[in-house]
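Observations on the three-dimensional arrangement
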Amino acid sequence: DKAPLSKSLLLVPSAISILLTLLFQHYQKFFAYNLQAVKEDFQIWRLVCGRTICLDLKDTFCSSLLIYNFRIFERRYGSRKFSSFLLGAWMLSALFDLLLVEITQHIFGITINSLPSGFLGPVFALFVPFYSSIPRVQVTQVLGHFSITNKSLVYILGLQLLTSGSYIWILALSGLLSGICYNSSILKVHQILCVPRWVAKIFSWTLEPVFSSAEPMNEARVGMGATVDIQRQQRMELLDRQIMMSQVAQMRRQRQQQGGMINWNRLFPPLRHRHNANYQDHRPSEQGIPPPTEVSEEQVARLMEMGFSRGDALEALRASNNDLNVATNFLLQH
């Protein structure tokens with residue numbers, strides 16, 4: 001729901017990849033990412049075909065799982081902004097592919113004629129916003145030293161995809177570089193490489209009805225922030241919320257068994273049960289309270305993207321001294 005582009009990228013390339021592998025092997029040569037043919041024979045069309053469809057089913061499976069996990073960005077940004085990111089990352093990663101191949105040949109003397117095929121550059125580029133904008137919530141620890149978080153599975157899938165081919169590290173590096181460049185506020189790449197509004201409207205009218213999904217009837221609506229545009233385009237995944245809440249409950253039970261249970265209700269009064277009128281009428285005097293803690297607007301925006309209101313996000317960050325993980329855990333429990 002609310003992610004038709006992710007659904008199309010999940011279904012269409014995977015179906016073509018399976019058909020090419022099982023039934024139409026003689027057509028696989030047209031989807032090979034052959035850099036030698038691009039440079040010597042000027043077969044520019046290979047940059048499109050070779051960088052869209054995977055010819056290895058292992059790469060198809062891993063990239064599909066990653067696209068499924070990264071669908072949250074389409075729900076947050078909207079389909080037009082998400083498609084602009086994928087388009088910009090796809091074009092930049094093609095340039096970085098050629099540069100990295102030339103640098104490898106110049107430094108190490110290794111001639112690379114072809115690279116693994118598929119929509120891999122933009123998939124690796126999505127790890128940049130995933131690392132920077134998705135809060136890290138610890139689930140458990142292994143051997144007392146290695147932390148398992150809500151993001152560990154996605155990183156493991158990325159590592160599996162990274163080790164599936166001999167030169168796929170070039171695609172991974174070019175994808176990460178393109179993601180960093182597109183997200184950079186200095187380079188302003190997102191203002192140049194973007195999907196025009198009229199193109200987005202055409203695809204919205206033609207393809208979105210095909211790949212859109214009906215909203216689950218058993219899900220409750222979750223508010224997404226202060227603006228109408230965010231409320232319309234974004235909705236936090238309720239399933240992920242339930243999983244994180246169960247993880248937090250498990251952590252609380254473990255702490256209670258260890259005798260180190262933190263009394264959240266004592267440290268942080270429940271935000272959901274406060275009444276704004278009473279809160280405004282019964283403010284304590286300024287002489288008896290310390291000055292309020294400065295709150296990072298970036299962290300407030302991250303909490304609002306997860307579905308919490310601005311007031312709750314401000315209160316939680318102030319109470320936790322700007323610790324995003326503690327504030328997230330508290331808001332999930334209340």
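Look up: the structure comes first, before these words.
Parameters and conventions
Residues numbered from 1 in each chain as written. Predicted model: local features only at pLDDT ≥ 70, side-chain atom pairs only at ≥ 80, totals over all residues. Heavy atoms only, no water. 1 Å grid on protein atoms, 1.4 Å probe; cavity = no way out; pocket = protein on both sides within 12 Å on 5 of 7 lines; lining within 4 Å. Points joined across faces, edges and corners; volume = space filled by probe spheres on them. Helix = DSSP H or I, 4+ residues; strand = E, 2+ residues; numbered from the N terminus. Nonpolar A, V, L, I, M, F, W, Y, C, P; charged D, E, K, R; others polar. Buried < 20%, exposed > 50% of the residue type's maximum accessible area, 1.4 Å probe, protein only. Contact = heavy atoms within 4.5 Å.

**A few points about empty space enclosed by the protein**
The final tally for this structure, using the stated rule, is 2 cavities of 30 Å³ or more. One number sums up the size of the largest cavity: a volume of about 100 Å³. The wall of the largest cavity is formed by Leu 9, Pro 13, Ser 14, Ser 17, Thr 52, Ile 53, Cys 54, Thr 60, Ser 63, Ser 64, Ile 67 and Phe 119. Where the lining of the largest cavity is concerned, the elements lending two or more residues are helix H1 (4-22) and helix H4 (57-69). Among the residues making up the lining of the largest cavity, the classes are represented as 6 nonpolar, 6 polar and no charged. Put simply, the second largest cavity is a space of about 30 Å³. Around the second largest cavity sit Tyr 33, Gly 50, Arg 51, Pro 116, Gly 118, Leu 120, Gly 121 and Leu 171, which together line it. Taken together, the residues of the lining of the second largest cavity break down into 4 nonpolar, 3 polar and 1 charged.

**A word on unusual backbone geometry**
One non-glycine residue, Phe 42, lies in the positive phi region at around 55°. Here Phe 42 lies in the loop between helix H2 (35-40) and helix H3 (45-49). Given the relative accessible area of 64%, Phe 42 is considered exposed.

**A closer look at the side chain of Thr 149**
In this fold, Thr 149 is placed in strand S4 (residues 146-149). Taking relative accessible area as the criterion, Thr 149 reaches 9% and is therefore assigned buried. Discounting residues that sit within four places of it in the chain, Thr 149 has contacts with Arg 136, Val 137, Gln 138 and Val 139.

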